[in-house]
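Letter by letter, the chains look like this.
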Amino acid sequence: MNESDAVVETKTLTLATFVTDSCLEKMVSDYNQGAEKYHIEIADYSEYNISDDEYDWSLGLEQLNMDMASENVPDIINVYNIDLYTYASKGYFLDLYEMMGNDEIYFKNAFLSGYLTANEWNGALYWLSPICQVETLVANADLTGGLESWDLSQFFEICQTCNESGIQVVQSPSNMFIYADRDLLDCSVNTCYFNNEQFLSIMEYASELTDYSIDYSGLTDSEAQAASLEESARWGNGEQLLQQLTIGDYSDYVQMQESAVSYTLIGYPTRDGTNGTYYTDTQYMFAIPANCTDVDAAWDFITSTLEVTYDDSSGFYYSGLPVVTSYLEVYVREETAVESGEVSDADLQAFEDFLNRIIRNSIWDSTIENTVLDEFQKYVDGMQSATDTVDLLQQKVGLYLKENA
């Protein structure tokens, strides 16, 4: 038998996940078609769910914890929507910087430095996604003095000034509250900072703001269109301070340039006034268990997902921006070629610089978010004082963080 006729044995790897969609399935399918030595199988732990709550993954997490402590340890874990920092703090994941140190293609400097910094924990990188999205606040620069970031005091003072001048600050009171609390939770050290005077003042003020939110469900198509145009006009006429912006492709980043309003991507207010723009979690965040039996094979799959391209026929298949700098540059040029012509080297560099200045990630817990909104609503409804509300938030969220540490 010729050497070329020899049967190549393949090793099966397990990819653990709690969310399986067509994109993840395609990543696995593409890898399996091109791989010679390895084959990936998806193990969906959401199948252990017997609760009516589709997001109650407690039984699946119990099974995953047992498997990770046994010979059934998965080779790769999609950690989207599980408690990343708890697993990282207990040493369950491999530091992916170790893998980058031995990779001639996907070494550390091949990635957006901002993305890596924002996703580090204690200087290590325990998960990696092929794509990223960014969340920020856009501000009317004429109303903020051109600030490019702000602390809670500046945020409060500017919102007060605008409101007193008849300028719409936010769409609904809860928006102001949510914007202000973004930097009050630090999951990496299981700590929260709700009981401070600045946040207390903001919460009290937010409850007095006009609610501009629109219930589109009760409107006809023409009424909904008119309401949307009116909302857009307020921004265009300089009558609105802030807009929330999610950047999932280059066109999202440049869309505000079409506005007649001078603006800055000011970000959310932070306790220390530093950059308040955030990378957000995506549905594809891969980690390698520390006791994985074949870390090279696991890394081989993860890196196979990184080359993300722009496909005009289906839009952005992965719903986000590539985290590898060379792929990002190709993607932006392909996108702009389809939508607007071309992007200059200077504009592309400005976009990369913007992404690399981001130092935070926003991995938000739905339980915490619901607790925050529920307590704020109780305050608005007069069921408890402002002081009691921030104290309760500190206690409830702090306890939740400790119990899940």
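To be clear, the structure that these remarks concern was listed above.
Residues numbered from 1 in each chain as written. Predicted model: local features only at pLDDT ≥ 70, side-chain atom pairs only at ≥ 80, totals over all residues. Heavy atoms only, no water.

A.B. asks: Give a detailed account of the side chain of aspartate 95, specifying residues and quantitative values.
C.D. replies: Its location among the elements puts aspartate 95 in the loop between helix H3 (84–89) and helix H4 (96–100). Buried and unpaired, aspartate 95 has lysine 108 as its nearest opposite-charge partner, separated by 8.4 Å. Looking at aspartate 95, its side chain comes within polar contact range of the main-chain nitrogen of leucine 125, at 3.0 Å. Not counting chain neighbours up to four residues away, the residues in contact with aspartate 95 comprise Ala124, Leu125 and Tyr126. (Helix = DSSP H or I, 4+ residues; strand = E, 2+ residues; numbered from the N terminus. Buried < 20%, exposed > 50% of the residue type's maximum accessible area, 1.4 Å probe, protein only. Lys, Arg positive; Asp, Glu negative; His and termini not counted. Salt bridge = Lys/Arg side-chain N within 4 Å of Asp/Glu carboxyl O. Polar contact = N/O pair within 3.5 Å; in protein donor to acceptor, adjacent residues only side chain to side chain. Contact = heavy atoms within 4.5 Å.)

A.B. asks: How would you summarise empty space enclosed by the protein if you had to cite specific residues and measurements?
C.D. replies: Under the criterion given, the structure shown has one cavity of 30 Å³ or more. By volume, the largest cavity is sized at about 40 Å³. Lining the largest cavity are Tyr115, Asn119, Ser129, Ile131, Thr280, Asp281, Thr282 and Met285. Classifying every residue of the lining of the largest cavity gives three nonpolar, four polar and one charged. (1 Å grid on protein atoms, 1.4 Å probe; cavity = no way out; pocket = protein on both sides within 12 Å on 5 of 7 lines; lining within 4 Å. Points joined across faces, edges and corners; volume = space filled by probe spheres on them. Nonpolar A, V, L, I, M, F, W, Y, C, P; charged D, E, K, R; others polar.)

A.B. asks: A description of the sheet that holds strand S3 (residues 76–78) should follow, citing residues and the corresponding values.
C.D. replies: Pairing in this open sheet of four strands is mixed, and the strands run S2-S1-S3-S10 from one edge to the other. Each of the sheet's edge strands pairs with one partner strand only, and the pair in question is strand S2 (38–44) and strand S10 (286–287). As judged from the seven bridges shared by strand S1 (residues 11–17) and S2, these two strands associate in the parallel manner. Each residue of the ladder has a partner; that of lysine 11, found in S2, is tyrosine 38. (Pairing = 2+ DSSP bridges.)

A.B. asks: Describe in detail a nonpolar patch on the surface, supporting the description with residues and values.
C.D. replies: On the surface, Tyr48, Ile50 and Leu59 cluster together to form a nonpolar patch covering roughly 310 Å² of accessible area. Its place among the elements puts tyrosine 48 in the loop between S2 and helix H2 (58–68). Given the relative accessible area of 38%, tyrosine 48 is considered partly exposed. (Patch = residues over 30% accessible without salt bridge, like charges linked within 9 Å, V, L, I, M, F, W, Y side chains within 5 Å. Areas by Shrake-Rupley, 256 points an atom, 1.4 Å probe, with all protein chains shown as cover.)

A.B. asks: Describe the packing of helix H7 (residues 152–164) against helix H9 (residues 197–206), and please don't skip the residues or the numbers.
C.D. replies: For any two helices packed against each other, the geometry comes down to the angle between their axes and how far apart the axes lie. It is the contact of H7 with H9, at a shortest axis distance of 10 Å, that shows an interaxial angle of 25°. With respect to each other, H7 and H9 are oriented roughly parallel. Note on packing geometry: the crossing formed by H7 with H9 is left-handed. Contacts between H7 and H9 involve Leu152, Ser153, Phe155, Phe156, Cys159, Gln160 and Asn163 from the former and Gln198, Ser201, Ile202 and Tyr205 from the latter. Among the residues making up the contact of H7 with H9, the classes are represented as six nonpolar, five polar and no charged. (Axes fitted to C-alpha atoms, helices over the stretch in contact; angles between N-to-C directions. Parallel < 35°, antiparallel > 145°, perpendicular 65-115°, else oblique. Left-handed = near helix turned anticlockwise from the far one by under 90°.)

A.B. asks: Explain the nonpolar core to me, and be specific about the residues and the numbers.
C.D. replies: Core analysis: the largest hydrophobic core is formed by 65 residues, its most contacted members being Val79, Trp127, Phe155, Met176 and Leu242. Going through the elements one at a time, H2, H3, strand S4 (131–140), H7, helix H8 (173–180), H9, helix H15 (366–380) and helix H16 (386–403) are the ones with two or more residues in this core. Contacts of tryptophan 127, omitting those with residues within four sequence positions, involve Val79, Leu84, Tyr85, Ala88, Leu96, Asn119, Met285, Phe286 and Ile363. By size, the runner-up hydrophobic cluster in this structure holds 63 residues, among which are Leu24, Val134, Tyr310 and Leu355. (Core = buried A, V, L, I, M, F, W, Y, C linked by side-chain atoms within 4.5 Å.)

A.B. asks: Describe the packing of aromatic side chains, and please don't skip the residues or the numbers.
C.D. replies: Enumeration over the complete set of coordinates arrives at 18 aromatic pairs. Arranged with centres 5.4 Å apart and planes meeting at 70°, the rings of tyrosine 87 and tyrosine 92 form a pair that is edge-to-face. Given a relative accessible area of 7%, tyrosine 87 falls into the buried group. Residues phenylalanine 156 and tyrosine 205 carry aromatic rings whose centres are separated by 5.5 Å and whose planes lie at 75° to one another, so their mutual orientation is edge-to-face. Remark: tyrosine 205 occurs in helix H9 and phenylalanine 156 occurs in helix H7; sequence separation between them is 49 residues. For phenylalanine 156, a relative accessible area of 17% translates into the label buried. Assessed through its relative accessible area of 12%, tyrosine 205 is described here as buried. Through pairs of rings, three or more aromatic residues link up here, namely Tyr250, Tyr253, Phe351 and Phe354. Across the ring face of tyrosine 97, the terminal group of lysine 108 is positioned such that the distance to the ring centre comes to 4.3 Å. Its guanidinium or amino end placed over the ring of tyrosine 193, arginine 271 lies 3.9 Å from that ring's centre, counting from NZ or CZ. (Phe/Tyr/Trp six-rings, centres within 6.5 Å; stacked < 30°, edge-to-face > 60°. Lys NZ or Arg CZ within 6 Å of the ring centre and 35° of its normal.)

A.B. asks: A description of the state of the cysteines should follow, citing residues and the corresponding values.
C.D. replies: The full count for this structure, using the stated rule, is zero disulfides. Here cysteine 159 is not cross-linked by a disulfide; its sulfur's nearest cysteine counterpart is in cysteine 162, at 6.9 Å. What makes cysteine 159 buried here is its relative accessible area of 0%. The buried category is assigned to cysteine 162, whose relative accessible area is 4%. (Disulfide = S-S within 2.5 Å.)

A.B. asks: Got a sec to walk through helix H10 (residues 221–236)? Specific residues and values, please.
C.D. replies: Compared with an ideal rise of 1.5 Å per residue, which puts 16 residues at 22 Å, H10 spans 22 Å between its outermost C-alpha atoms and is within 8% of the ideal. Residues Ala224, Ala227, Arg234 and Trp235 constitute the buried set of H10. The buried side chains of H10 occupy one side of the element, clustering within an arc of 105° when seen end-on. Facing away from the buried side of H10 by over 90 degrees, the exposed positions are Asp221, Ser222, Gln225, Leu229 and Glu230. Looking at the buried positions of H10, the neighbouring elements they touch are S4, strand S7 (242–247) and strand S8 (263–265). With its phi angle positive at about 75°, glycine 238 sits one or two positions after the end of H10. (Expected span 1.5 Å × (residues − 1). Arc of directions from axis to C-beta.)

A.B. asks: Please give an account of the environment of glutamine 198 that cites residues and values.
C.D. replies: Tracing the chain through its elements places glutamine 198 in helix H9. Considering only alpha carbons, one finds glutamine 198 and aspartate 151, 47 residues apart in sequence, at a separation of 9.8 Å. Aside from chain neighbours lying at most four places away, what touches glutamine 198 is Leu152 and Ser153.

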